[in-house]
Amino acid sequence: MIQGVNPLYERFMREALKEAQKAYDMGEVPVGAVIVKDNDIIARGHNLRERDQNPILHAEIIAIHRAAWAVKSWRLTGCEIYVTIEPCPMCAGAMVQGRLDRLVFGARDPKSGCAGSLYDLVRDRRFNHRLEVIEGVLEDECSQIIKDFFRMKREQKL
């Protein structure tokens, strides 16, 4: 755990990891997300891109869609999203558009991460909304599930 981090971050990241495991079990890239408002989980999501053959069905997009439904508004102010892996440009953009307050993620994504790795879309001052970002929560576990998944996929091809 990151020193000085709110203990709730770990609790909610463990819930995101449960979602990532669901994706793993389905043969999807194991990314999971939960959205929290007032310390309660209001939405969950995991990747469904392969199952539905739809490029936008990332864990974060699914969770954002469900959270908007739960609060009956596209404005997700007062909400924070927990994601096992740093969000891609599409998901980071949806977080800005949805006006989420905070992004908490586990592991960086050096190939498509847009919360500090390749770009920092969620904190870009040119946008009318920015998110607070907390990174590295349960980083080892969040990184390991991805590594295990792609190792398994490589072994299946041999």
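Here is a short report on the structure shown in this document.

Analysis parameters
Residues numbered from 1 in each chain as written. Predicted model: local features only at pLDDT ≥ 70, side-chain atom pairs only at ≥ 80, totals over all residues. Heavy atoms only, no water. Salt bridge = Lys/Arg side-chain N within 4 Å of Asp/Glu carboxyl O. Buried < 20%, exposed > 50% of the residue type's maximum accessible area, 1.4 Å probe, protein only. Helix = DSSP H or I, 4+ residues; strand = E, 2+ residues; numbered from the N terminus. 1 Å grid on protein atoms, 1.4 Å probe; cavity = no way out; pocket = protein on both sides within 12 Å on 5 of 7 lines; lining within 4 Å. Points joined across faces, edges and corners; volume = space filled by probe spheres on them. Axes fitted to C-alpha atoms, helices over the stretch in contact; angles between N-to-C directions. Parallel < 35°, antiparallel > 145°, perpendicular 65-115°, else oblique. Contact = heavy atoms within 4.5 Å. Nonpolar A, V, L, I, M, F, W, Y, C, P; charged D, E, K, R; others polar. Phe/Tyr/Trp six-rings, centres within 6.5 Å; stacked < 30°, edge-to-face > 60°.

### A word on the pattern of salt bridges
Scanning the entire structure with this criterion turns up 13 salt bridges. Notably, a salt bridge pairs Asp-120 with Arg-123, separated by 2.8 Å at the nearest N-O pair. On the basis of relative accessibility, which here comes to 32%, the residue Arg-123 falls in the partly exposed class. A salt bridge links Asp-148 to Arg-151, with the shortest nitrogen-to-oxygen separation between them at 2.9 Å. Taken together, the residues span about one helical turn, with Asp-148 and Arg-151 both in helix α5 (residues 139-157) at a distance of three residues. Relative accessible area serves as the criterion here: at 36%, Arg-151 is assigned to the partly exposed category. Taken together, the salt bridges that share partners define one network made up of Glu-15, Lys-18, Glu-19, Lys-22 and Arg-44.

### Notes on the layout of surface pockets
Counted as a void, the largest pocket has a volume near 470 Å³. Forming the walls of the largest pocket are 19 residues, and the residues nearest its centre are Val-29, Ile-85, Asp-109, Ser-112 and Ile-146. The dominant element in the lining of the largest pocket, judged by the number of residues it contributes, is α5, at three residues.

### A look at unusual backbone geometry
Phi is positive for Asp-38, which is not a glycine, with a value near 55 degrees. Positionally, Asp-38 belongs in the loop between β1 (32-37) and β2 (40-46). Its relative accessible area of 64% is what places Asp-38 among the exposed residues.

### Focus on the packing of helix α1 (residues 7-26) against α5
Running from amino to carboxyl end, α1 crosses α5 at an angle of 5 degrees, the nearest separation of the two axes being 10 Å. Our classification of the angle between α1 and α5 gives roughly parallel. Judged by residue contacts, Met-13, Arg-14, Leu-17, Ala-20, Gln-21 and Tyr-24 of α1 engage Glu-141, Cys-142, Ile-145, Asp-148, Phe-149 and Met-152 from α5. Residue composition of the contact of α1 with α5, grouped by class: eight nonpolar, one polar and three charged.

### Thoughts on the packing of aromatic side chains
Taken as a whole and judged by the stated rule, the model has four aromatic pairs. Between Phe-12 and Tyr-82, the ring centres sit 5.3 Å apart and the planes meet at 55 degrees, which makes this aromatic pair tilted. One end of the pair, Phe-12, is in helix α1; the other, Tyr-82, is in strand β3 (residues 79-85), with 70 residues separating them in the sequence. The two residues Phe-12 and Tyr-82 agree in class, both being buried. Among the aromatic residues, those joined into a ring-pair cluster are Tyr-9, Phe-12 and Tyr-82.

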